[in-house]
Amino acid sequence: MLLLSYSAQAQTPPAMVPSPLPTATVQASGETEAVATANADAADDPAIWRNAATPAASLIIGTDKKAGLYVYGLDGKARDFHDAGRVNNVALAEHDGRIIVAASDRNDPLNAQVALFTLDPASAKLATLGRVPAGAGEAYGMCLYNTPTALYAFMVAKDGTIRQLALDVAGATPKARIVRTMKLATQSEGCAVDPRTARLYVAEEDVGLWRFDARADGPVEPVKIAAADGKQIVADAEGVAIAQEGDSGYLVVSSQGDNAYAVYRLADDSYVGRYRIAPGSFGSTEETDGIEIATGDFGPAFPDGIMIAQDGANPPRAQNFKLVRWGQIKAALGL
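Structure report, in brief. (Residues numbered from 1 in each chain as written. Predicted model: local features only at pLDDT ≥ 70, side-chain atom pairs only at ≥ 80, totals over all residues. Heavy atoms only, no water.)

Along the chain, the regular secondary structure elements total two helices and 25 strands. A compact globule built from 335 residues would reach a C-alpha radius of gyration of about 20 Å, and the chain, at 19 Å, matches this within 12%. Each principal axis of the C-alpha distribution contributes one length, and for the chain these read about 50 × 50 × 40 Å. Across the 335 residues of the chain, 56% fall into the buried class. Considering only residue pairs separated by 6 or more positions, the chain has 51% of its internal contacts joining residues 24 or more positions apart. Total accessible area computed for the chain in this model is approximately 13,700 Å², and 52% of it derives from carbon and sulfur atoms. For the chain, the centre of its 29 positive side-chain charges and the centre of its 40 negative side-chain charges are spaced 1 Å apart. (Helix = DSSP H or I, 4+ residues; strand = E, 2+ residues; numbered from the N terminus. Rg over C-alpha atoms; globule rule 2.2 N^0.38 Å. Buried < 20%, exposed > 50% of the residue type's maximum accessible area, 1.4 Å probe, protein only. Contact = heavy atoms within 4.5 Å. Areas by Shrake-Rupley, 256 points an atom, 1.4 Å probe, with all protein chains shown as cover. Lys, Arg positive; Asp, Glu negative; His and termini not counted. Charge placed at Lys NZ, Arg CZ, Asp CG, Glu CD.)

Okay, here's the thing in structure tokens:
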């Protein structure tokens, strides 16, 4: 009886304690269809491919971390599902004339892998390239760093180990080599790279937000940007996204503990403000894991950029992703 009582007590989530800082509100302008895995924490992380010729035909990749990868249109309808198993985070880059999609593959919890795919923008279909090893530990976070001479993947293992891999996707079988290893002390996941400044940003869930040098020959010591102290960020610090604007822009991190998002200025890492996605035509977001932001024109529905946020509670359906106009977020924060 005592064991049953303890088990039930252990599964009760802690009460949400919101940040005392001012928090603006916005509403979603769209949402994706729910992932197929019901009654589970399944939807996790999104990526965006912008169709420069026809922005409204841009595509969203989203993970069901129990099953595989979805491809959605901006109307939220699923265009493809690729059975990739347990893939957690996803990122994409246009490299050597192809759209390369990389996911953190946790099918083997003891040995991390990067699962690699190509995206056909005409058919919205994913094709498997293969998997490459990414070191010991459970694969968790994933982001790409595309340079004129190389394509790198950052694999964030669940224990906070960060490995930078040089990817070779030119041949029939992809290859990779680990060029650098960095470390945060505890569980980490969300990451994003600003290719203009060669900076890597990583969220350590119970600790806060960090910045690294993304260059393969750069220093490995991190710089702390913000603490998950219940103010700017309420733990967990989760998804990380970059909104490029001109020579600078903004960094956004999911403040999962109070269903909000904290914003920082890329130019100097200064805190800008916070916002949350409130109830509206497409519902609110709760317990957000992965996020992604892309600026620019995405057609009539999203003429001033788009934010994609995983929604951890989407009753009566399974989890999904909410779509928000980036311009609306900027207006709410007075940017």
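So that's the structure; there's more coming.
Taken in spatial order, the four strands line up as 7-8-9-10 in an open sheet, and their pairing is antiparallel. Strands with a single pairing partner mark the edges of an open sheet, and in this sheet they are strand 7 (87–95) and strand 10 (125–136). Strand-to-strand twist of the sheet, defined as the mean angle between neighbouring strand axes without regard to direction, takes the value 25 degrees. In this structure, strand 7 lies alongside strand 8 (residues 98–105), joined through seven bridges in antiparallel fashion. Counterpart to Glu94 in the pairing with strand 8 is Ile99. (Pairing = 2+ DSSP bridges. Axes fitted to C-alpha atoms, helices over the stretch in contact; angles between N-to-C directions.)

Right, let's get into the packing of aromatic side chains. With the rule as written, the count across this model stands at seven aromatic pairs. Ring centres 5.5 Å apart and planes at 15 degrees place the aromatic pair Tyr70 and Tyr72 in the stacked group. Of the two residues, Tyr70 and Tyr72, both sit in the buried class. What links up through ring pairs into an aromatic cluster is the set Tyr70, Tyr72, Phe81 and Phe321. When the ring centre of Phe298 is taken as reference, the NZ or CZ atom of Arg50 above it lies at 5.7 Å. (Phe/Tyr/Trp six-rings, centres within 6.5 Å; stacked < 30°, edge-to-face > 60°. Lys NZ or Arg CZ within 6 Å of the ring centre and 35° of its normal.)

Moving on to the state of the cysteines. Applying the stated criterion across every chain yields a total of one disulfide. Each sulfur in the disulfide pair Cys143 and Cys191 lies 2.3 Å from the other. In this structure the cystine formed by Cys143 and Cys191 twists about its S-S bond by roughly -125 degrees; its chirality is therefore left-handed. Of this pair, Cys143 sits in strand 11 (residues 139–146) while Cys191 sits in strand 15 (residues 188–194); the two residues are 48 residues apart in sequence, bridging distant segments of the chain. In this structure, Cys143 and Cys191 share a single accessibility class: buried. (Disulfide = S-S within 2.5 Å.)

The next subject is the pairing of strand 16 (residues 199–204). Of all the six residues making up strand 16, five are buried; the element is thus mostly covered by neighbouring parts of the structure. Sheet topology note: the strand 15/strand 16 ladder contains five bridges and is antiparallel. Paired with Asp194 across the bridge in strand 16 is Arg199. Hairpin connection of strand 15 to strand 16: four residues between the antiparallel strands, including Ala198 at a positive phi of 55 degrees. The antiparallel pairing of strand 16 with strand 17 (residues 208–213) creates a hairpin that spans three residues between the two strands.

What follows deals with the environment of Thr128. Structurally, Thr128 is set in strand 10. A sequence separation of 203 residues divides Thr128 from Ala331, and the C-alpha atoms of the two residues are 40 Å apart. The contact partners of Thr128, leaving out residues within four places of it in the chain, are His82, Leu116 and Phe117. A distance of 2.8 Å separates polar atoms of two side chains, one belonging to Thr128 and the other to His82. (Polar contact = N/O pair within 3.5 Å; in protein donor to acceptor, adjacent residues only side chain to side chain.)

It is worth spelling out helix 2 (residues 326–333) at this point. Those residues of helix 2 that sit buried are Trp326, Gly327, Ile329 and Leu333. Across the axial projection of helix 2, the buried residues extend over an arc of 160 degrees, all falling on one side. One or two residues past the end of helix 2 sits Gly334, with phi positive at roughly 70 degrees. (Arc of directions from axis to C-beta.)

Right, let's get into the pattern of salt bridges. Inspection of every chain in the model, using the stated rule, returns 16 salt bridges. Asp80 is the salt-bridge partner of Lys125, the closest N and O atoms lying 3.7 Å from each other. In this pair, Lys125 is assigned in strand 10 and Asp80 in strand 6 (residues 78–83), connecting sequence segments 45 residues apart. A residue is classified by how much of its surface remains accessible, and Lys125, at 40% relative accessible area, is partly exposed. Judged by its relative accessible area of 12%, Asp80 falls in the buried class. Between Arg211 and Asp269 there is a salt bridge whose closest N-O contact spans 3.0 Å. (Salt bridge = Lys/Arg side-chain N within 4 Å of Asp/Glu carboxyl O.)

Bringing the sheet that holds strand 25 (residues 320–325) into the picture now. Taken in spatial order, the four strands make up an open sheet running 2-25-24-23, and their pairing is antiparallel. Only two strands of the sheet have a single partner each, and these edge strands are strand 2 (30–31) and strand 23 (291–294). Judged from the six bridges that link them, strand 24 (residues 306–311) and strand 25 form a sheet pairing that is antiparallel. By the bridge assignment, Ala309 is partnered in strand 25 with Lys322. Strands strand 23, strand 24 and strand 25 of the sheet are contacted by helix 2, whose axis makes an angle of about 65 degrees with strand 25.

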